[in-house]
Each structure stands twice: as structure tokens, then as C-alpha cells.
Amino acid sequence: MILQFFKYQGTGNDFVFIDNRQQTFPKDNTELITKLCDRRFGIGGDGLILLENDSASDFNMDYYNADASQSMCGNGGRCAVAFAKYLGIIENETTFNAIDGLHFATIEGDIVNLKMNDVDEIREKPLYSFLDTGSPHHVQLVEHLEKFNVQKEGAKLRYGLYGESGSNINFVEQSGNGAFNVRTYERGVEDETLSCGTGVTAVALAMHKLGKTTSNSVRINTPGGNLTISFKLKGDTYTNIFLKGPAKQVYKGEVVC
Ligand SMILES: N[C@H](CCC[C@H](N)C(=O)O)C(=O)O
């Protein structure tokens, strides 16, 4: 089978995109999904995203981690908006469907601003916070983040504290008022990724709840680039949450599989 694909990256979180509006992709073939994401035997990517028609919105985004497990993906959502514009499905704003429901987004040039679902529960423990921003996130402040062994410590927590269902693990260091550095171990990639959209969203909300910032616009630096998360707090609910940053097409091509 010959498959046309498009490679996108959102602050270094990279994805294989397929225009699946004709519904021809074999979704139950998890071996194919993992092979397409393999960085040696396939195209390579942190995940694979199928863009599909949707009766109730502009399009549906079907996201698969590199191990073919599924979740919401913030950076993938931002790249899906850029891909939908490239395909001529949308102009500069959209509402699309994902595994956690409808998302509004705008695009200006390479910058996509994606509305995330409300968050009304942040569990605070002595050493970390836990919340779900479309995927589950552990948020932990550390010192000397640049030297921290994210892969080793992330895997320990992902499999130890969170068992088989797991969680994404975010390690954080404050760099200023309303500014943080973040490195993330991603469930389903089972390694550190260069950024994680639902992860930096979780970090911004957790840091605000902890009182580490009073700003409702948080700048987060990741190894893959900078993202801005803005939000409102209404009672105990974080709402109007937007994840803003670049999303770019890297290349396109055909793959034999
Ligand atoms: N690995 C995550 C999903 C992708 C999250 C990340 N790529 C993002 O940008 O949100 C999980 O299985 O929960």
C-alpha cells in the first residue's frame, strides 16, 4: 500500500498526518501505526494523526501515540489546525472534534491558539500535582532541570506511581514571574519529547494553583520551543484555557507499507 503523508511539528512534538477523509486508513492495524511512527523503520514521529470529516464540526482529529494508544494531544491539535488550513478545509478559525470533545482554535501564520477543555480538579500532593488537561499529567518542581534525568525518573513515576494506565510526567523549574522551564516524559512515546501541549497546560494551571504565579498568562520554555498558556479561574474551575504556539509542516511524501 502507498500512503501519502504530511509531517508536522509543534514546538518539536512531531506527528505523521494522514488525510483520512475517505476513511481508507486501517485504524485497527496498530502494527502499521507504530511502524509509521518508528524513527528507523518508518517516517518517525511522537504520534500519528488522522484528519477526518465530522458531521458536527469542521473536522475530526484521531490521535495515536507512537505505541498506538490514544488520548487528546494539545500540540497535535495545534498541528491539525495548520493541516486543515493547508488542505483548504478552514480559513483562520475553526471548531473541530477530538477524543475529549470539541475545540475552538484560531490560526495566524504559523501560530495556532487552541482552546483546551475546562479543568475543575487539581490534586495537590506534598511533592507534586496531578490533573487531566485532555490527558493525565503529573507536575513536579525540580532543581537543575537541564541536568535532570527525565527519561529515567519519568519512567519510574509513569510505571511506578501510575501503573499500567500511566500518566505523562512533567518536571518544572521556575524561571521568572509567570515563566517556567518544562521537560516532559510522555506516556505512549515512553521517552522525553521536546514539548507536550497538554503537559505545559497542566504545568501552567498547577503552578497558578500552587501560587507560584499570580499571572493568568504563563510563558513556558520547552526544549522544542516556547508556548503560552492563558486561562481564567472561575470558582474552582480553570476555564477559557488557551494553548498558543507555532505549528509547522516539515515535509510531505509517500510511504510504502
Ligand atoms: N502522550 C499523551 C498524549 C499526547 C500528549 C502530547 N503530545 C500533547 O501535546 O498534549 C498521553 O498519552 O496522554
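Residues numbered from 1 in each chain as written. Predicted model: local features only at pLDDT ≥ 70, side-chain atom pairs only at ≥ 80, totals over all residues. Heavy atoms only, no water.

**Q** Looking at this structure, I do not really get the UniProt feature "active site" (unreviewed entry) in the protein chain. What am I missing?
**A** The positions that UniProt labels "active site" (unreviewed entry) are, in the present scheme, Cys-73 and Cys-196. A stretch of 124 residues holds the annotated residues, and the largest C-alpha distance among them is 8.0 Å, short enough that they meet in one place. Mapped onto the elements, Cys-73 comes out in the loop between strand S4 (60-65) and helix H2 (74-86). For Cys-73, a relative accessible area of 4% translates into the label buried. Sequence-distant contacts of Cys-73, defined by excluding residues within four places in its chain, comprise Phe-15, Met-61, Tyr-63 and Thr-198. Within the secondary structure, Cys-196 sits in the loop between strand S13 (191-193) and helix H4 (197-209). Classification of Cys-196 by relative accessible area gives buried; the value is 4%. (UniProt positions renumbered as here; feature names shortened; annotations may be inferred. Helix = DSSP H or I, 4+ residues; strand = E, 2+ residues; numbered from the N terminus. Buried < 20%, exposed > 50% of the residue type's maximum accessible area, 1.4 Å probe, protein only. Contact = heavy atoms within 4.5 Å.)

**Q** When you look at the side chain of Asn-170 in this model, what are you seeing that I'm missing?
**A** Inspection of the secondary structure assignment puts Asn-170 in strand S11 (residues 168-176). A residue is classified by how much of its surface remains accessible, and Asn-170, at 0% relative accessible area, is buried. Ignoring anything within four residues of it in the chain, the contact list for Asn-170 reads His-137, His-138, Val-139, Gln-140, Val-182, Arg-183, Thr-184, Gly-199 and Val-203.

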